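Structure assessment
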Amino acid sequence: EDSRPGVSVTVNDDDEAALVVSESTLSLAEAGGIGTYTVQLNGVPTDEVTVTATSSDTGAATVNPASLTFTRENWNSGQEVTVTGVNDDIVNVGGQRTVTISH
C-alpha cells in the first residue's frame, strides 16, 4: 500500500464547443435560387456530434442536408449546406422575405 500523501487536482476546461459557419447571410432568387455555406466544429469532439439545420420558413427556403455528422476525424472539415428558395404566390412587403437557418 502506498503511504505517500497525494494531491487531488481538478483541471477546469477553458474550451467551449461551437460551430463555425462560413456565411452569415445569403441572398437567393425565390424560384429555385440556390446558396451554400459550410459548417464545421471549432474543436475535436469527444464523441460523434450531429448538427441539424432547420429553416424557419420552409415555404420560403429549404435546407439540405437536414443533418450533419462530425467525428474526431472530420470535425474541422467544412460540410456544405445548400439553401434553396421556394416559389410561392405571396407578394412580400419590400419584395423579399427573411428566413433564418438554425443549427
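Our structure is the block above this text.
To keep things clear, this report deals only with the structure shown in the data block. Not measured: the values here are computed from a predicted model. (Residues numbered from 1 in each chain as written. Predicted model: local features only at pLDDT ≥ 70, side-chain atom pairs only at ≥ 80, totals over all residues. Heavy atoms only, no water.)

So, about the sheet that holds strand β7 (residues 79-85). Across the sheet, which stays open at both edges, the four strands sit in the order β1-β2-β7-β5 with antiparallel pairing between neighbours. Two strands bound the open sheet, and with one partner strand each, they are β1 (19-21) and β5 (61-64). Strand-to-strand, the axes of this sheet are offset by a mean angle of 25°, without reference to chain direction. Where β1 and strand β2 (residues 34-41) come together, three bridges link them in antiparallel fashion. Pairing of V21 across the sheet is with V39, part of β2. (Pairing = 2+ DSSP bridges. Helix = DSSP H or I, 4+ residues; strand = E, 2+ residues; numbered from the N terminus. Axes fitted to C-alpha atoms, helices over the stretch in contact; angles between N-to-C directions.)

In this section: the environment of N76. In this fold, N76 is placed in the loop between β6 (67-70) and β7. Its relative accessible area of 42% is what places N76 among the partly exposed residues. Once the C-alpha coordinates of N76 and G43 are considered, the two residues, 33 residues apart in sequence, prove to be 7.3 Å apart. (Buried < 20%, exposed > 50% of the residue type's maximum accessible area, 1.4 Å probe, protein only.)

What follows is about the pattern of salt bridges. Side-chain pairs of opposite charge can arise where the charged atoms are in close proximity. Taken as a whole and judged by the stated rule, the model has two salt bridges. The shortest N-O distance in the salt bridge between R97 and D57 comes to 2.7 Å. Of this pair, R97 sits in the loop between β7 and β8 (101-102) while D57 is found in the loop between β4 (54-55) and β5, placing the two residues 40 residues apart along the sequence. Judged by its relative accessible area of 30%, R97 is partly exposed. Among the ionic pairs, D88 bridges to R97, the shortest N-O distance being 2.3 Å. Owing to a relative accessible area of 16%, D88 belongs among the buried residues under this scheme. Connected via shared salt-bridge partners are D57, D88 and R97. (Salt bridge = Lys/Arg side-chain N within 4 Å of Asp/Glu carboxyl O.)

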